[in-house]
Amino acid sequence: MLSHDVLVIGAGLAGMRAALEARRKGVDVAVLSKVHPVRSHSTQAQGGINAALGEDDSWEKHAFDTVKGSDYLGDQDSIEIFCKEAPGDIIELERMGTVFSRRDDGRIAQRPFGGAAFPRTCYVADITGQVLLHVLHEQLLEAGVRVYEEWFATSLIIEDGACHGALAMEIRSGQLEAFGAKAVIMATGGLGRVYEPSTNSLISTGDGQALAYRAGAALMDTEFVQFHPTALRNGILVTEGARGEGGYLLNSTGGRFMEKYAPKMMELASRDVVSRAEQTEIDEGRGVDGFILLDLRHLGREKILERLPQIHELAMDIAGVDAIDEPIPIRPSMHYVMGGIKTDVNGVTLLPGLYAAGECACVTVHGANRLGGNSLLETVVFGRRAGAAAAEYVSGVAPANVSATVVSRDQEMIKAILDRSDGADSVASIRMEMGQTMNRYVGMFRNEEGLQTVVAKLAELKERYQRVGVQDRGRVFNTSLLFHLELGNMLDLAQAMALAAGHRKESRGAQFRRDFPQRDDENWLKHIVVRYTPEGPSLDYSPVSITRWQPERRVY
Ligand SMILES: Cc1cc2nc3c(=O)[nH]c(=O)nc-3n(C[C@H](O)[C@H](O)[C@H](O)COP(=O)(O)OP(=O)(O)OC[C@H]3O[C@@H](n4cnc5c(N)ncnc54)[C@H](O)[C@@H]3O)c2cc1C
């Protein structure tokens, strides 16, 4: 058995930041990731990362925008810490070697982003995540952190009610190993592939949330799913930075329809508002072949090529348009989950020894809707805090006394999958049906009937999942087996998401119920917490922390 003080599962920004912090505190840390660290989804982040650095800006203004963006569901004590610590983390990233885009006077440039009253988003052209991820990877190597690349975590090791490590499969050999650890930090990112289409990488399958959920940690705010207003035909994202730099949204009449929905903020209202406005235009017949047009032409060639070079290239490759001369056809697509493993501001979950940070966690700073640029920030602020807290925790914990035979549990589970005869059904078709059903009924607009349909459909898909096999029965790089395991994780999460969405009888942030179109603070200013039981998910509530911003009507 392999053994470390702290095991970090996930090598995106949150995992690497957490590992670095724990290492700095002097403990033995290892990172385990199903892909090479710089292939984590964080690399796709384009637009930027928020912090109140500007002369006229302040952490309080950032916090208010975040609270308002969350539709008053974000916990304000967490949001205060988040926004206060943000500038320090940006400066640190810069000192580590991030080449942020600059203003003429040499200071870090900041662009306007949705729902923000100030230009507060720091960026590196439109490849911010890629640059940050490479910088952190270099730091990780320099710090001498052991990285297990291309290892797939299959379950957590729980002894005496506490988390003492994880089981994982080396993808290259198919070998299962037990990793003993005094603490585990879950940093496995989002679960976008529960939907079809999604802007997320194919690896964003919510494994960490599912592992933690089954092991006894709670999930929170799972009903809140963000649809990004500007995705290309196949779900590939066009950054909010395109609107931040001044891009317009046009309908088939050539009008800037956001005037009707958000007269003040227009295209830079919060994402839930813009996405619903676009879909309404499309549904009411003012779309262009099922799309909305994102017009950058007035920005001019120079600005487009300097600030949005990747967008220019993607629009050319995927939509076949040159954004310098033509508008880009876009539409909303599933993008981000506000919910995740319930934690406090130090990444502490309800399961002793288990911490979580990044998109898989729910602190909750985003509440019912996240602002663009706040997610990258969450990975570094709360990754750092979780790393520090886990390092402190392990100093008081005896080494894990884990039996070497613990691996047999998952070995048998995998053998059972490989032994199944493959019938007519397939992992791919179950996955596609799940994704399309979630998109249709747990999407931007929801109602009771649709939510009941999806619960029934998921029960059918789970039943089929129990019987479906894989074609590849080998052990070496068996990606069919990985897709199978990922699908099992996603089905459990989809069920929790659909149930919570059906339970919340109001509209708030990203959850819009046609049958309950108003926000209802009297009954629903609270988080829904979902816990796993063998009989199915059980629901409970958690209060919202309000420090200084009383709920108001949210208009942009
Ligand atoms: C296209 C796109 C653009 C975005 N742009 C922005 C932006 O401009 N600004 C912003 O603030 N946010 C943006 N976001 C959101 C933000 O990028 C993510 O929320 C954030 O990067 C998530 O980081 P993370 O470290 O939590 O997870 P990830 O970067 O997703 O990393 C997850 C890690 O977990 C590992 N892992 C997962 N499952 C397992 C398993 N079973 N076993 C072992 N390892 C596992 C993976 O290998 C990976 O290393 C964007 C998101 C997308 C999809």
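Attention in this report is confined to the structure presented alongside it. The numbers attached to residues start from 1 for each chain and follow its sequence in the written order. Since the coordinates come from a predicted model, pLDDT governs what is reported: local features require at least 70, and pairs of side-chain atoms require 80 or more to be given and counted, while whole-chain, interface and lining totals use all residues. Excluded from the side-chain calculation are hydrogens and water; included are all heavy atoms of the structure.

### Section: the overall build of the protein
Note the cut-off: A run of DSSP states H or I qualifies as a helix once it reaches four residues; a run of E qualifies as a strand once it reaches two. Both are numbered from the N-terminal end. Only C-alpha atoms enter the radius of gyration; for comparison, a globular chain is expected to reach 2.2 Å times N to the power 0.38, where N is the number of residues. Each residue is assigned to one of three classes by its accessible area relative to the maximum for its type, calculated with a 1.4 Å probe on protein chains only: buried under 20%, partly exposed between the two thresholds, exposed over 50%. Residue contacts follow a heavy-atom distance rule, with two residues in contact if any of their heavy atoms lie within 4.5 Å. Where accessible areas are quoted, they stem from the Shrake-Rupley method and a 1.4 Å probe; at the residue level, only the protein chains shown are allowed to cover. Charged-residue counts in this description rest on Lys and Arg as positive and Asp and Glu as negative, His and the chain ends being excluded. Think of each charge as sitting on NZ of Lys, CZ of Arg, CG of Asp or CD of Glu.
In terms of helices and strands, the protein carries 16 helices and 19 strands. Computed over its C-alpha atoms, the radius of gyration of the protein comes to 22 Å, within 12% of the 24 Å expected for a compact globule of 556 residues. The buried share among the 556 residues of the protein stands at 62%. Considering only contacts within the protein whose residues lie at least 6 apart along the sequence, 73% involve residues at least 24 apart. Of the accessible surface of the protein, which amounts to about 20,400 Å², a share of 49% is contributed by carbon and sulfur atoms. Across the protein, the centroid of the 60 positively charged side chains sits 1 Å from that of the 74 negatively charged ones.

### Examining the environment of R23
Structurally, R23 is set in helix 1 (residues 13-24). Spatially, the C-alpha atom of R23 lies 13 Å from that of V147, the residues being 124 residues apart in sequence. R23 has contacts with V29, A143 and V145, leaving out every residue within four places of it along the chain.

### A short note on the sheet that holds strand 14 (residues 328-337)
As a reminder of what qualifies: Think of it this way: DSSP has to see at least two bridges between two strands before they count as a pair. Where helices are involved, their axes are fitted lines through C-alpha atoms of the stretch in contact, as for all axes, and angles between N-to-C directions lie from 0 to 180°.
Judged by pairing direction, the sheet is antiparallel, and its four strands sit side by side in the order 11-14-13-12 without closing on themselves. The sheet is open, and its two borders are formed by strand 11 (225-231) and strand 12 (248-250), each paired with just one other strand. Within this sheet the neighbouring strands show an average axis-to-axis angle of 45°, counted without direction.

### Topic: the sheet that holds strand 4 (residues 110-111)
In any sheet, the strands associate via hydrogen bonds between backbone groups, in a parallel or an antiparallel arrangement. In space, the three strands of this open sheet follow the order 3-5-4, with antiparallel pairing throughout. This sheet does not close on itself; its edge strands, each paired only once, are strand 3 (49-50) and strand 4.

### Regarding the pairing of strand 13 (residues 292-295)
Each regular strand displays side chains that alternate between the two surfaces of the sheet. The alternating pattern of strand 13 places I292 and L294 and L293 and D295 on opposite faces, both of which are buried. Sheet topology places strand 12 next to strand 13; three bridges connect them, and they run antiparallel. Residue pairing for strand 13: L249 is matched across the bridge by L294. Pairing geometry for strand 13 and strand 14, over three bridges, is antiparallel. Following the sheet pairing, L293 is matched in strand 14 by P329.

### Some thoughts on the pattern of salt bridges
Quick reminder of the rule: Throughout this description, the term salt bridge denotes a Lys or Arg side-chain nitrogen within 4 Å of a carboxyl oxygen of Asp or Glu.
Tallied over the full model, the rule gives 54 salt bridges. Two residues, R384 and D89, come together in a salt bridge whose shortest N-O distance is 2.7 Å. Note that R384 is positioned in helix 11 (residues 374-394) and D89 in helix 3 (residues 76-96), a separation of 295 residues in sequence. We classify R384 as buried; its relative accessible area is 17%. Across the pair E94 and R102 runs a salt bridge whose closest N-O atoms are separated by 2.5 Å. Of the residues examined, R102 reaches a relative accessible area of 40% and is grouped as partly exposed. Several salt bridges share partner residues, and in doing so they unite D71, E223, D272, R276, R504, E506, R508, R519, D521 and R554 into one network.

### Some details on unusual backbone geometry
For the bond running from E196 to P197, omega is 0°, close enough to zero to count as cis. Within the secondary structure, P197 sits in the loop between strand 9 (176-186) and helix 5 (207-215). The omega torsion of the bond from V363 to T364 falls at 5°, within 30 degrees of zero and hence cis. The phi dihedral of A125 is positive, around 40°, even though this residue is not glycine. Mapped onto the fold, A125 is located in the loop between strand 5 (121-122) and helix 4 (128-142). A residue is classified by how much of its surface remains accessible, and A125, at 17% relative accessible area, is buried. Positive phi, close to 50°, is recorded for D289, a residue that is not glycine. For D289, the location among the structural elements is in the loop between helix 8 (271-286) and strand 13.

### Details of the pairing of strand 7 (residues 151-159)
Burial analysis of strand 7 places seven of its nine residues in the buried class, the great majority of the element. Alignment of strand 7 against strand 8 (residues 162-170), held across seven bridges, turns out to be antiparallel. Counterpart to E159 in the pairing with strand 8 is A162. In sequence, strand 7 turns back onto strand 8 through a hairpin of two residues, with D160 there showing a positive phi of about 50°.

### Some details on the site of the ligand
What counts here: When at least one non-hydrogen atom of a residue lies within 4 Å of a molecule or strand, that residue is treated as near it. Whenever two N or O atoms come within 3.5 Å, that pair is a polar contact, provided that in protein one can donate a hydrogen and the other can accept it, and provided that, for residues adjacent in sequence, both atoms are side-chain atoms. Residues were grouped as follows: Ala, Val, Leu, Ile, Met, Phe, Trp, Tyr, Cys and Pro as nonpolar; Asp, Glu, Lys and Arg as charged; and all remaining residues, including Gly, as polar.
Near the ligand there are 38 residues, and of these S40, H41, S42, E359 and S375 occur at the shortest range. A11 places a polar main-chain atom, nitrogen or oxygen, 2.8 Å from an oxygen atom of the ligand. Contact distances for the ligand include 2.6 Å between an oxygen atom and a side-chain N or O atom of S375. Within the complex, 98% of the 1,000 Å² of free accessible area of the ligand lies under protein. Secondary structure elements with two or more residues in the shell around the ligand: helix 1, strand 2 (29-33), strand 7, strand 14 and helix 11. For the shell around the ligand, the element with the highest residue contribution is helix 11, accounting for four residues. Among the residues forming the shell around the ligand, the class breakdown is 14 nonpolar, 20 polar and four charged.

### Some thoughts on the packing of aromatic side chains
Here is the rule: Note on aromatic contacts: the rings of Phe and Tyr and the six-membered ring of Trp form a pair at centre separations within 6.5 Å, being stacked when their planes are under 30 degrees apart, edge-to-face when over 60 apart, and tilted otherwise. A positively charged side chain is recorded as over a ring if its NZ (Lys) or CZ (Arg) lies within 6 Å of the ring centre. The angle to the ring normal must also be within 35 degrees.
Under the defined criterion, the tally for this structure stands at ten aromatic pairs. Ring plane angle 15° and centroid distance 5.8 Å describe the contact between F82 and F382, whose orientation is recorded as stacked. Within this pair, whereas F82 is found in helix 3, its partner F382 is found in helix 11, the two being separated by 300 residues in sequence. Both residues of the pair, F82 and F382, belong to the buried class. Grouping aromatic residues by their ring pairs yields a cluster made of Y148, W151 and F179. One cation-aromatic arrangement involves R111 over Y123; the distance from NZ or CZ to the ring centre is 3.8 Å.

### Points about the packing of helix 13 (residues 427-441) against helix 15 (residues 479-503)
To keep things clear, this is the line we draw: Under this scheme an angle from 65 to 115 degrees is roughly perpendicular, one under 35 degrees roughly parallel, and one over 145 degrees roughly antiparallel; angles in between are oblique. By convention the crossing between two helices is left-handed if the near helix lies anticlockwise of the far one by an angle smaller than a right angle, and right-handed if it lies clockwise.
Between helix 13 and helix 15, the shortest axis-to-axis distance is 10 Å and the interhelical angle comes to 25°. Accordingly, the angle class assigned to the pair helix 13 and helix 15 is roughly parallel. In this structure, the crossing between helix 13 and helix 15 has a hand that is left-handed. Facing helix 13, whose interface residues are V427, I430, R431, M434 and M438, helix 15 presents F483, H484, E486, L487, M490, L491, A494 and M497. A breakdown of the residues in the contact of helix 13 with helix 15 according to their chemical character gives ten nonpolar, one polar and two charged.

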